[in-house]
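Given next are the chains, with one letter for each unit.
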Amino acid sequence: MRIFVAGGTGAIGRPLVAALVAAGHDVTVFSRSAERVAALGLPDVAAAVGDALREDEVTSSVQRAAPDVVINQLTSLAQSANPLAVKRGFDQTSRLRREASGTLVAAARTAGARRVIAQSISFVYRPGPGMRSETDPLWTEATGQIGRLAHSLATLESATLGDAQVEGVVLRYGSFYGPGTYFAPGGLYASMLSRRLLPVAGDGAGRFGLVHIDDAAAATVAALDGPVGIFNVVDDVPAPASEWLPYVATLLGAKPPRRVPEAVARVGAGKFLAYLMCDQPAVSNERARTELGWSPRFPDWHDGLRDALTGS
């Protein structure tokens, strides 16, 4: 089938486009730069160049591609540990979710596409005990950066699922690891752990839903057909911050992370990182497993991170 991927040169875009081509699909990648599309090293992939925040450029690109499915993977996240760069990346990504998501759905409808698949995230669920499923709400009533992030995701999800003429699928991905992610050597988390700049906050009870970038790409390919709606895409084993931080440090050959009181982390690291490290609830992947027929190659983050960081 013909697939239009917006954001096909980022961390998940690269393995996703490769997986789509390997499956025999005709792929067009929308990017601000034809050079970035060429750098994918996939000569059969067509480039559509434009600005995702320009409605006319998005619409004309989708119409020319005439896709069966549009995949929205638009983000603009910084790898830098500089707080200002991280904030700018979050703000720009939230803007893309608010403004470009509806444009892509409208363009898909006009071009006759049957389905839109959009990237959301599984780590802004409301904190509290228990395992979160797709029927649980995002934490939109939070204040500050968490609230802004949750609202932008709610806008993206509503636009993706709310068009009666286009099938909508939302993939709430967990925290990516693997090549090109925060966990890769040189990535944000790995760099901070190597320099002991990422401490365990409080008791480190935040339970990350991790997923290898290739497993996330495989779930996206699985979502080209079949049921619609929201799916959590995480591995099988929730990862408490108190466990994965020292585990990754060990794999990197770094000293164990420092420990700081939770109150200090909330002031020094910001509310969002403190939420991730201290309050993030566990997430279930049962629906993706049963309805998409997806199963992660790395169901346990211990094995996946070891493979990603040491090759063993």
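Look a little higher up for the structure.
Described below are features of the structure shown in this document. Note that this is a predicted model, so its numbers are computed, not measured. (Residues numbered from 1 in each chain as written. Predicted model: local features only at pLDDT ≥ 70, side-chain atom pairs only at ≥ 80, totals over all residues. Heavy atoms only, no water.)

1. Quick look at the overall build of the protein
Along the protein, the regular secondary structure elements total 12 helices and 15 strands. For the protein, whose C-alpha radius of gyration is 19 Å, the value lies close to the compact-globule estimate of 20 Å for 312 residues. Structurally, the protein occupies a C-alpha span of about 55 × 40 × 40 Å along its principal axes. When contacts within the protein are restricted to residue pairs at least 6 apart in sequence, long-range pairs at least 24 apart make up 76% of them. Put simply, the protein shows about 12800 Å² of open surface, and 53% of that area lies on carbon and sulfur atoms. Side chains of the protein carry 30 positive and 30 negative charges; the gap between the two charge centres is 8 Å. (Helix = DSSP H or I, 4+ residues; strand = E, 2+ residues; numbered from the N terminus. Rg over C-alpha atoms; globule rule 2.2 N^0.38 Å. Contact = heavy atoms within 4.5 Å. Areas by Shrake-Rupley, 256 points an atom, 1.4 Å probe, with all protein chains shown as cover. Lys, Arg positive; Asp, Glu negative; His and termini not counted. Charge placed at Lys NZ, Arg CZ, Asp CG, Glu CD.)

2. Here we look at the packing of helix α8 (residues 241-251) against helix α12 (residues 301-310)
Here α8 crosses α12 at 30°, and the two axes come no closer than 10 Å. By the criterion of interaxial angle, the relationship of α8 to α12 is roughly parallel. Between α8 and α12 lies a crossing of right-handed hand. Between α8 and α12, the contacting residues are E243, W244, Y247, V248 and L251 on the first element and W301, H302, L305, R306, L309 and T310 on the second. Here the residues of the contact of α8 with α12 are counted per class, giving 7 nonpolar, 2 polar and 2 charged. (Axes fitted to C-alpha atoms, helices over the stretch in contact; angles between N-to-C directions. Parallel < 35°, antiparallel > 145°, perpendicular 65-115°, else oblique. Left-handed = near helix turned anticlockwise from the far one by under 90°. Nonpolar A, V, L, I, M, F, W, Y, C, P; charged D, E, K, R; others polar.)

3. Details of the sheet that holds strand β7 (residues 167-173)
Reading across from one edge, β3-β2-β1-β4-β5-β7-β12 is the order of the 7 strands in this open sheet, with parallel pairing throughout. Only two strands of the sheet have a single partner each, and these edge strands are β3 (46-49) and β12 (229-233). This sheet shows a mean twist of 20° between the axes of neighbouring strands, independent of strand direction. Of the pairings in the sheet, the one linking strand β1 (residues 2-6) to strand β2 (residues 26-31) comprises 5 bridges and is parallel in character. Opposite I3, over in β2, you have V27 as the bridge partner. Helix α7 (residues 213-222) rests against β4 (69-72), β5 (115-121), β7 and β12 of the sheet, and its axis sits at about 165° to β7. (Pairing = 2+ DSSP bridges.)

4. Regarding unusual backbone geometry
Leaving glycine aside, a negative phi is the common case for residues, and trans is the common case for peptide bonds. Even without being a glycine, A66 presents a positive backbone phi close to 45°. Position of A66 relative to the elements: it lies in the loop between α3 (55-65) and β4. On the basis of relative accessibility, which here comes to 28%, the residue A66 falls in the partly exposed class. Although it is not a glycine, R196 sits at a positive phi angle of roughly 55°. Along the chain, R196 falls in the loop between α6 (188-194) and β9 (200-201). (Buried < 20%, exposed > 50% of the residue type's maximum accessible area, 1.4 Å probe, protein only.)

5. Section: the nonpolar core
Within the largest apolar cluster, 39 residues are counted, with the highest numbers of intra-cluster contacts made by F208, W244, F272 and M277. Contributions of two or more residues to this core are made by α4 (83-111), α5 (144-161), α6, β9, α8, α10 (271-279) and α12. Ignoring anything within four residues of it in the chain, the contact list for M277 reads L198, A201, G204, A205, G206, F208, A241, W244 and L245. (Core = buried A, V, L, I, M, F, W, Y, C linked by side-chain atoms within 4.5 Å.)

6. A look at the pairing of β2
Along β2, 5 of the 6 residues are buried, which leaves the element largely enclosed by surrounding structure. Once the chain exits β1 it traverses helix α1 (residues 13-22) before rejoining the sheet at β2, and the crossover so formed is right-handed. Across 4 bridges, the pairing between β2 and β3 is parallel. Note that in β3 the partner of T28 across the bridge is A46. (Right-handed = clockwise from strand over helix to strand, strands pointing away.)

7. Thoughts on the packing of aromatic side chains
Taken as a whole, this structure holds 12 aromatic pairs when the rule is applied. Between Y177 and F183, the ring centres sit 6.5 Å apart and the planes meet at 75°, which makes this aromatic pair edge-to-face. With respect to class, Y177 is no different from F183; both count as buried. Centre to centre, the rings of Y189 and W244 are 5.5 Å apart; their planes meet at 40°, and the pair counts as tilted. Within this pair, whereas Y189 is found in helix α6, its partner W244 is found in helix α8, the two being separated by 55 residues in sequence. The burial state of Y189 is the same as that of W244; both residues are buried. Put simply, the rings of Y177, Y182, F183, Y189, F208 and W244 pair up and form one aromatic cluster. Note that R287 overlies the ring of F231, its terminal NZ or CZ placed 4.0 Å from the centroid. (Phe/Tyr/Trp six-rings, centres within 6.5 Å; stacked < 30°, edge-to-face > 60°. Lys NZ or Arg CZ within 6 Å of the ring centre and 35° of its normal.)

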